Amino acid sequence: LAACAAPPPKPAAPPAPLPPPPSSKYYSDDGPPLAVPDNLDAIPDAVPRLEPLHRFANRPYTVLGRQYVPATSLRPYRERGTASWYGRKFHGQKTSIGEVYDMYALTAAHPTLPLPSYARVTNVATGKSVVVRVNDRGPFLHGRVIDLSYAAAHKVGIAGRGSGEVEVESIIPGDAPIL
């Protein structure tokens, strides 16, 4: 009699949604977040402030057979070229200066700007710009000039395409460079 009084079995839960298919615009093991937060446009730009430069991250280095010589002081810099962005693969990993990479922070990787420093990145096609804190090294492939966090790429309008032409301009807080 007790078996007849038991409630009927619950239907099986629907299967979890599958991740989006890989895109040729991203590395096979990287890409945008599976669920993009609604508030990316509300994230405020990085606020430039004087910070001591990292002791080790501004030394000359070699990647993929190419030598890079980072700047060792804050100084004017302007370059136009292709920006890309990095996302899930590096989210939560350490940057070149030991900070944890957050794809939703307004940060960037640059091969030679001093770490940390600040830059304004402007989408040449749309004029949209964002101020980022440069706290990592890269990009090292495809002739890119800067790698933006996912949030920064979203704000300048290149996240969907994976890359875009930008102008990168250093921002020097205060009057004197930090050595």
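Rules of the game
Residues numbered from 1 in each chain as written. Predicted model: local features only at pLDDT ≥ 70, side-chain atom pairs only at ≥ 80, totals over all residues. Heavy atoms only, no water. Helix = DSSP H or I, 4+ residues; strand = E, 2+ residues; numbered from the N terminus. Buried < 20%, exposed > 50% of the residue type's maximum accessible area, 1.4 Å probe, protein only. Pairing = 2+ DSSP bridges.

This part covers unusual backbone geometry. Following Leu115, the chain continues into Pro116 via a peptide bond in cis, with omega recorded as -10 degrees. As for its position among the elements, Pro116 is in the loop between β4 (107-109) and β5 (117-123). A cis amide bond links Gly138 to the next residue, Pro139, at an omega of -15 degrees. The residue Pro139 is located in the loop between β6 (129-136) and β7 (144-149) in this model. Unusually for a residue other than glycine, Leu64 sits at a positive phi of about 50 degrees. Assignment of secondary structure puts Leu64 in the loop between β1 (61-63) and β2 (66-68).

Bringing the pairing of β6 into the picture now. For β6, the buried fraction is high: seven of the eight residues fall into the buried class. Bridging between β4 and β6 involves three bridges; their strand directions are parallel. Considered in β6, the bridge of Ala109 is made with Asp136. Sheet analysis places β5 next to β6, joined by six bridges and oriented antiparallel. Within the sheet, the bridge partner assigned to Tyr118 lies in β6 and is Arg133.

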